[in-house]
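# Summary of structural features
Below are the chains, spelled out letter by letter.
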Amino acid sequence: MASEGELGRKWDRCMADSAVKLGAGFGLGIVFSVIFFKRKTWPIAFGSGMGLGMAYSNCQHDFQSPYLLHGKFVKVS
Amino acid sequence: MATAAPGGRRDRGAAALPRPRHRPSPAAVMAARLLPAVKFVIKGSLAGAAVYMAYDQGLLGSGTQGAEALRKAQAALPPAIQEWTSYLGWELPPTPKFDFSPSDSWNKGVQTVMSALSVAPTRACEYTVEGWKYVKDLVK
């Protein structure tokens with residue numbers, strides 16, 4: 001598996017996840033705006049921003065994953 | 001006839017009787033107290049259900065789950081649109097497929113631009129020669 005192919009797949013996953021998170025945040029923002037906040041605009045913007053932030057965090061984790069070392073802390077008794 | 005009395009209060013006269021105070025029933029009082037709570041519970045349930053559904057479909061999870069959710073939506077959307085349009089009796093053109101890879105499209109775009117730039121000087125010379133020849137033929 002070529003490294004640039006793997007990088008391309010990661011970018012594809014990142015773009016798809018960004019679209020999904022933005023849509024979900026936008027949708028949940030609309031739901032909360034209608035139900036609790038009397039159809040104000042700010043919950044929609046807040047939800048969309050949260051979705052984008054979650055997507056950015058996921059992308060960052062995905063791109064850095066080869067360099068993250070998951071260690072185990074073993075107590076020597 | 002109403003007259004203005006000192007202190008600003010109108011004297012309605014002997015014909016005006018005090019209005020009887022209507023006391024609401026205990027059931028109405030309880031309903032008035034419970035109604036906002038019931039409304040809040042219903043609204044909270046709807047919002048919680050929406051959040052749970054989003055979580056259950058993998059929309060709030062990792063990048064892999066989000067990409068998988070998008071793939072499922074892309075697979076499910078055209079048949080659903082087709083079914084609804086046939087139910088409503090509309091005729092729509094076939095829905096375009098959105099199944100493409102952004103990284104592949106970007107790479108192809110970069111390769112096309114770079115190859116065009118690499119042949120640009122040669123092509124510019126060829127077009128200049130042809131243009132010059134055309135002008136010379138016009139002038140003759």
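Keep in mind that this is a model prediction, so the values were computed, not measured.

All right, on to the overall build of chain A then. Helix and strand counts for chain A come out as 2 helices and 0 strands. Within chain A, counting contacts between residues at least 6 apart in sequence, those at least 24 apart form 54% of the total. Of the accessible surface of chain A, which amounts to about 5700 Å², a share of 67% is contributed by carbon and sulfur atoms.

Looking now at the pattern of salt bridges. Charged atoms that come close allow side chains of opposite charge to pair. Residue and element names in this part refer to chain A. Under the counting rule described, the total for this entry stands at 4 salt bridges over all chains. In this structure, R9 and E6 form a salt bridge, with 3.7 Å as the shortest nitrogen-oxygen distance. Pair noted here: R9 and E6 are both in helix α1 (residues 3-35), with a separation of 3 residues, about one helical turn. What makes E6 partly exposed here is its relative accessible area of 27%. The salt bridge partner of K21 is D17, with a shortest N-O separation of 2.8 Å. You can see K21 and its partner D17 sitting in helix α1, 4 residues apart, about one turn around the helix. Accessibility expressed as a relative area gives 1% for K21, which makes it buried. The class of D17 is buried, set by a relative accessible area of 0%.

With that settled, the discussion passes to the interface of chain A and chain B. Listed per partner, the contact involves 17 residues of chain A and 20 residues of chain B. Carbon and sulfur atoms supply 77% of the area that chain A and chain B bury against each other, a total of about 1500 Å² over both sides. Among the residues chain A hides against chain B, the three largest losses belong to V20, L28 and I35 of chain A. Together they make up 30% of the total. Where chain A touches chain B, the interface holds 0 salt bridges.

A few words on helix α2 (residues 42-64) of chain A. With 23 residues, α2 of chain A should reach 33 Å at 1.5 Å per residue; the first-to-last C-alpha distance of 33 Å fits that figure. For α2 of chain A, the complete set of buried residues consists of P43, G47, S48, G51, A55, N58, C59 and D62 of chain A. Where α2 of chain A is buried, its residues touch α1 of chain A together with α2 (63-88) of chain B.

Moving on, we get to the state of the cysteines. Residues and elements named next belong to chain A. Applying the stated criterion to the full structure yields 1 disulfide over all chains. What pairs with C14 in a disulfide is C59, and their sulfur atoms sit 1.9 Å apart. Sign of the S-S torsion, about 105° for the bond between C14 and C59, identifies this disulfide as right-handed. Separated by 45 residues along the polypeptide, C14 in helix α1 and C59 in helix α2 bring together distant segments of the chain. Judged by its relative accessible area of 8%, C14 is buried.

All right, on to the confidence of the model for chain B then. Looking at chain B, pLDDT values average 83 and 85% of them are 70 or higher. Averaged over each element, pLDDT in chain B is lowest for strand β1 (residues 3-4) of chain B (53) and highest for helix α3 (residues 102-139) of chain B (94).

With that settled, consider unusual backbone geometry. Residue and element names in this part refer to chain A. A positive phi angle, close to 55°, is found at K38, a residue other than glycine. Inspection of the secondary structure assignment puts K38 in the loop between α1 and α2. Judged by its relative accessible area of 74%, K38 falls in the exposed class. Phi at R39 takes a positive value of approximately 60°, unusual for a residue other than glycine. Relative accessible area serves as the criterion here: at 71%, R39 is assigned to the exposed category.

This brings us to the UniProt feature "transmembrane region" (unreviewed entry) in chain A. The UniProt feature table records "transmembrane region" (unreviewed entry) at residues 20-37 of chain A. Segment residues 20-37 of chain A splits into 89% helix and 0% strand. End C-alpha atoms: 24 Å apart.

On to the packing of aromatic side chains, then. Aromatic rings considered in pairs are described by the distance between their centres and by the relative angle of their planes. This model, assessed by the stated rule, comprises 7 aromatic pairs over all chains. Here a set of aromatic residues connected by ring pairs shows up, and it is made of F32, F36, F37 and W42 of chain A together with F40 of chain B.

Cut-offs and rules
Residues numbered from 1 in each chain as written. Chains lettered and ligands numbered in written order. Predicted model: local features only at pLDDT ≥ 70, side-chain atom pairs only at ≥ 80, totals over all residues. Heavy atoms only, no water. Helix = DSSP H or I, 4+ residues; strand = E, 2+ residues; numbered from the N terminus. Contact = heavy atoms within 4.5 Å. Areas by Shrake-Rupley, 256 points an atom, 1.4 Å probe, with all protein chains shown as cover. Salt bridge = Lys/Arg side-chain N within 4 Å of Asp/Glu carboxyl O. Buried < 20%, exposed > 50% of the residue type's maximum accessible area, 1.4 Å probe, protein only. Buried area = accessible area lost by both parts, 1.4 Å probe. Expected span 1.5 Å × (residues − 1). Disulfide = S-S within 2.5 Å. pLDDT = per-residue confidence, 0-100. UniProt positions renumbered as here; feature names shortened; annotations may be inferred. Phe/Tyr/Trp six-rings, centres within 6.5 Å; stacked < 30°, edge-to-face > 60°.

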